[in-house]
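Structural characterization, general
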Amino acid sequence: MENLIALLIAAPLLGAVVLLCGGRRLDRTGHWIGTLLAAVSFGIGVALFADMLGRSADDRTLTQNLYTWIPVEGFQADMAFQLDQLSMTFVLLISGVGTLIHVYSIGYMEHDERRRRFFGYLNLFVAAMLLLVLADNFLLLYFGWEGVGLASYLLIGFWQHKPSAATAAKKAFLVNRVGDMGLSIAIMLMFTTFGTFAFGPVFGAVGEASEGMLTAIGLMLLLAACGKSAQVPLQSWLGDAMEGPTPVSALIHAATMVTAGVYLIVRSGAVFNAAPDAQLVVVVVGAVTLLFGAIVGCAKDDIKKALAGSTMSQIGYMILAAGLGPIGYVFAIMHLVTHGFFKAGLFLGAGSVMHGMNDEVDMRKYGALRKYMPVTFVTFGLGYLAIIGFPGLSGFFSKDMIIEAAFAKGGTEGWILGGVTLLGAGITAFYMTRVMLLTFFGEKRWQPDAQGHEPHPHESPKSMTIPMVILAFGSVFAGAFFEIGERFLTWLEPVTGYEHGNPPVSAMTVTAATMVMLLAGVGIAWGMYGRRPVPVLAPRGSFLTRAARRDLYQDDFNHVVLVRGGEHLTRSLVYVDHSLVDGVVNGTAASVGGLSGRLRKLQNGYARSYAVSMFGGTAILIAATLLMRAV
Amino acid sequence: MNPVNYLYLAALLFTIGAVGVLIRKNAIVLFMCIELMLNACNLAFVAFSRMHGNLDGQIIAFFTMVVAAAEVVVGLAIIVSLFRTRHSASVDDASLMKL
Amino acid sequence: MNFPLLTVTAAVPAVGAILTAAVPAARRTAAKWLALLFSLATLALAVLIAVRFEPGGDRYQLTESRSWIADFGVRYELGVDGIGVVLIGLTALLIPFVIAAGWHDADPLETSSKRWRPTQGFFALILMVEAMVIISFEATDVFLFYIFFEAMLIPMYFLIGGFGDRAHSGSDENAAAQRSYAAVKFLLYNLVGGLIMLAAVIGLYVVAGNFSLQEITAARAAGTLDMATNTERLLFLGFFFAFAVKAPLWPLHTWLPNAMGESTAPVAVLITAVVDKVGTFAMLRFCLGLFPEASKWATPVILVLALISIVYGALVAVGQRDIKRLVAYASISHFGFIILGIFAMTSQGQSGATLYMVNHGLSTAALMLVAGFLISRRGSRLIADYGGVQKVAPVLAGTFLIGGLATLSLPGLAPFVSEFLVLVGTFARYPVVGIIATIGIVLAALYTLVLYQRTMTGPVKEEVRTMPDLRLREVLVVAPLIALLIGLGVYPKVLTDIVNPAVEQTMSDVKQTDPEPEVAVEAKNGEEAK
């Protein structure tokens, strides 16, 4: 059975190779090949899952060692895979949602002449992401980690003729590279501390290392997670990444890749458990991002950017939960899975809306679309109810658990974290309701564009709506399914560990408080956007609104400090190289040249003067010899 | 007769030749001055041969004459071709190699 | 005596060079094919060397030894260790690509004289360089090495000065002046380095009494050959200076951007991917083997210079406006990594550095050759003259991107393996240096992606609208390089198996062992306490 693990990765990888090298011959069939191979991967995943369920909880980990990747004296990296319950969860999510989004893209990218390549990139992404979650050592994980970064780069910049897309892609890759620096330093620290960086040996030896070292490793892993999962302070790329085609936003920048940071932290739980300081920083990062993303999400008029803010915020929840230690690991992953369903669904819905609205993204130019796009409306609506935590739907269970776990942290910390997560729930309800109202309710606000084309909103084709329906199904029932009989907890506990903690308030109280926040959020949004007509041009807004629209000035900060500063630095270094380093050399050359120019004048070309110097020299020599004799 | 007098004569002839090389521009005169110096040396060699009573000096004098003859051939050829191209036998005019 | 495989491997391209040079003016194409044929024959011989080489066996294998200048103890001694084998392989591998990529670079202009034979000269010089580089990798006699280390400059000088990039801004005369400036700069820099090395070579003879690398190294390791501390340090510096010019290490690097910018793309590849490797190779073999104590003494300064090279090279690369100069500065940054790995004195660092030499050769060749194809289409080296090429020539853009990704060490491509090994090896002994060097990986992404974005993406510029995509010959040049980059990225074991034993030997020359992992150390201390 374990021999199948490599096939999970090989299938989409094959697709990527075939589609990218296949040339125009495959333009007609390429998307089917891509979708098929993603589905094959999902099929293998399901088979492995069924097999895994058949075994006892302690005996579920499968490993496959292909060969030694990098063998150098003590530094042994294997091309080896490990499939346990945690990886399995991700495999199903990645290949499952991945396949759905492949199907969706068939319709969405129908009119794009480079559709074959798009599917090649998507397959590449699926392969890299599977490698990331299946690796059994950190170096191989790093391989997948950068692989998804590459796929993300290629897909964000898919419409390369738009300078904004190319810039956004470059930005995403660069910011991720900063995070990758953290991951590589973490691996180096592990190597010098433990002499290995394979999961098993490292986690087994954690007890022997000093806490300071573990904290350092933990912080470096967190830096990596921040980059990939768009957490403060490396969050700035996610909003721009919405330049990519919408299926990409759904798959990579909502459901799977951005949650890799959560995976990394949960996977390295053993390290974090032994380093409380690092955990504290994780929690703080999660809490800050949770509010940051939520606030940004409130102010954006671009439907995808609003959803991107929401993604950031929801991942903040997950990171926070992961930082809580064994109390939160399971719920972080559970929220990750449910979020994968409803956020992918929401993005696909947004894509469907854009598809029908001539690629308009400004929500202020939507309105009343529920009449024109009933399927989209219903699926998006279910996703909406799930994300705000409407009782009974997926988000309700998973988010509620995180809030409870935050309180269960105990002490002042617990109260603060609990408060933040509750506040976040309220803001989530507000901005999602705003998105819902602006898009589907109210009066129609669209106008003909500059060329006089008026959008004709219409429902999207079947290939797009079916994935949306399936994801909506997941958004509704996944949470309940996981929660009944604590299925998810029992499933993951052997890998991540679990302790219940002692919440200072009862679960009922937390749920009630969440409901209050939810109603408040929805109410305020209804008051602002539901009762009165929405202006097509955005009002100037308060200081906070303006700041949030500009992503709380983080891009401006980056621009001034990093971009401008960097430009000055490189320019001055180019100058230094040319004038100083090269100048010294050229200066030496010039002075030698000058000296020889002067010496040259001695050679005036007259045979007589040479003869004089010869005679003079001879005379001096003879005189000197005689003088020496005499003395 | 005291052989030393021949050495004085040789030194005198050599000096005349050397000064001639240093101050004259005409290639032919230069050339003759060089010959003069060579012959001065020859004279000195022969004189030494006489003073020391062996034949070494005379043999070297023959060598010098052979070399001088060869030199005359090459040197005159150069001067003639120089004169043909430049219509002057002045050594200062041959300055093509000068920077 | 056995078949002199090493001599033959170096002689084949030399013979090829002479034959190519002798081809009549009218038969240009024949000269090209002849050169390609000889370079392929050399490749076959290099493969044979790799096959005959036994990784676990003697340190130097396939050795040849003949008396040469007996009065001075100079012998014609050849032999290869694992490091030499892979570098000979790299050289023999790249030359056919260089020749194929430069197929039309030296065609005579319409206006030139019928008797003028630039094509024959160009390919003959390339083969000559190959012969000399190969024998430098094989020589185990210091004097023999020195001769070819220096002699290499002659054909390189003519390649840089005589065959410029036809894509230049400004007038032809201006370009010719630039080119001769670059060629002279290259020659002078390397000659100065070489002269100082010559003094050190003579000094070594005075101290040791012979030139044999094996004998001296063995005597040094066994302690039977003592050198006064200062003598050893001076001799080390003499050798190191020459290699640091060749490598090139900051601040001796400024000849490289000029030389790479002005020469044609294949020659630029020859400079940075092949010839410069002799410098780093010689550091590993001669500096560490002959002067172990002095190497350790100089390590702190060298590490700082290497770090400066890494960060400085990358930053200056970001600020370049000329594609080829950008690649040149990127190479300077990469050479910093190689030198860092060599002087970190850990087996990961040195294995990594050796792999880095190979991988950097492949990745720079891929990037630079595609850049050359691009430049020859538009006739400009300036980044600002391009834009939107991706839309017009997707295959060209795709291969350029892969070359770029290799340059920024993306996992899955060969350079990642070596770069990570260098970083880990450095970090294990000098954590702070390791962390600063890690910044290099962010900067590498910056200059590569900026280059890609400005040339390949965005709206299509009017001048590039008619640009043709890669032709068959060009695809045949790039595709194998890319395949190798991927192959060595996922399965570097083929190289590490050959390299590791040689690195262990070098480590024992300098009497260094890898730092033990912290936890294992603690455990050991615990046992002692009990």
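Reading the values: the criteria
Residues numbered from 1 in each chain as written. Chains lettered and ligands numbered in written order. Predicted model: local features only at pLDDT ≥ 70, side-chain atom pairs only at ≥ 80, totals over all residues. Heavy atoms only, no water. Helix = DSSP H or I, 4+ residues; strand = E, 2+ residues; numbered from the N terminus. Axes fitted to C-alpha atoms, helices over the stretch in contact; angles between N-to-C directions. Parallel < 35°, antiparallel > 145°, perpendicular 65-115°, else oblique. Left-handed = near helix turned anticlockwise from the far one by under 90°. Contact = heavy atoms within 4.5 Å. Nonpolar A, V, L, I, M, F, W, Y, C, P; charged D, E, K, R; others polar. Buried area = accessible area lost by both parts, 1.4 Å probe. Salt bridge = Lys/Arg side-chain N within 4 Å of Asp/Glu carboxyl O. pLDDT = per-residue confidence, 0-100. Polar contact = N/O pair within 3.5 Å; in protein donor to acceptor, adjacent residues only side chain to side chain. 1 Å grid on protein atoms, 1.4 Å probe; cavity = no way out; pocket = protein on both sides within 12 Å on 5 of 7 lines; lining within 4 Å. Points joined across faces, edges and corners; volume = space filled by probe spheres on them. Pairing = 2+ DSSP bridges.

**Quick look at the environment of Pro431(C)**
With respect to the helices and strands, the residue Pro431(C) is situated in helix α18 (residues 431–456). Remark: the alpha-carbon pair of Pro431(C) and Ile49(C), spanning 382 residues in sequence, is separated by 38 Å.

**Thoughts on the packing of helix α13 (residues 276–299) of chain A against helix α18 (residues 411–440) of chain A**
Residues and elements named next belong to chain A. It is the contact of α13 with α18, at a shortest axis distance of 9 Å, that shows an interaxial angle of 25°. When the axes of α13 and α18 are compared, the pair comes out roughly parallel. Considering the relative orientation of α13 and α18, their crossing is left-handed. The residues of α18 that touch α13, namely those facing Leu 280, Val 283, Ala 287, Leu 290, Leu 291, Ala 294, Gly 297, Cys 298 and Ala 299, are Glu 413, Leu 417, Val 420, Thr 421, Leu 423, Gly 424, Ile 427, Phe 430, Tyr 431 and Arg 434. Its residues assigned to classes, the contact of α13 with α18 shows 14 nonpolar, three polar and two charged.

**Re the interface of chain A and chain C**
Each side of the interface is counted separately: chain A has 54 residues, and chain C has 66 residues. Here chain A and chain C share an interface that buries about 5200 Å² over both sides, 69% of which is from carbon and sulfur atoms. Counting the surface chain A buries against chain C, the share from its top three residues, Gln160(A), Arg177(A) and Met188(A), is 12%. Seen at the junction of chain A and chain C, the total is two salt bridges.

**Some remarks on the confidence of the model for chain A**
Mean pLDDT over chain A works out to 87, with 100% of the residues at or above the 70 mark. Least confident of the elements in chain A is helix α22 (residues 543–549) of chain A, whose mean pLDDT is 77; most confident is helix α11 (residues 260–267) of chain A, at 93.

**A look at the interface of chain B and chain A**
With eleven residues of chain B at the contact, the number on the chain A side is eight residues. Together, the buried faces of chain B and chain A total about 830 Å²; carbon and sulfur atoms form 68% of this surface. Counting the contacts that link chain B with chain A gives zero salt bridges. Put simply, chain B and chain A have zero residue pairs in polar contact (both at pLDDT 80 or more) between them. Of the residues that constitute the side of chain B that touches chain A, the class distribution is seven nonpolar, no polar and four charged.

**Some remarks on empty space enclosed by the protein**
Residues and elements named next belong to chain A. Taken as a whole and assessed by the stated rule, the structure comprises seven cavities of 30 Å³ or more. In this model, the largest cavity occupies a volume close to 100 Å³. Taken together, 13 residues line the largest cavity, and the ones lying closest to its centre are Gly 239, Val 296, Lys 300, Met 312 and Asp 551. Only α9 (237–240), α13 and α14 (303–323) provide two or more residues apiece to the lining of the largest cavity. If you tally residues by element for the lining of the largest cavity, the top one is α14, at four residues. Taken together, the residues of the lining of the largest cavity break down into four nonpolar, five polar and four charged.

**Some points on the pairing of strand β1 (residues 62–72) of chain A**
Residue and element names in this part refer to chain A. Bridge count for β1 against strand β2 (residues 75–83) is nine bridges, and the pairing is antiparallel. By the bridge assignment for β2, Thr 63 is matched with Gln 82. Taking the residues between adjacent antiparallel strands as the criterion, β1 and β2 are bridged by two residues, where Glu 73 takes a positive phi near 30°.

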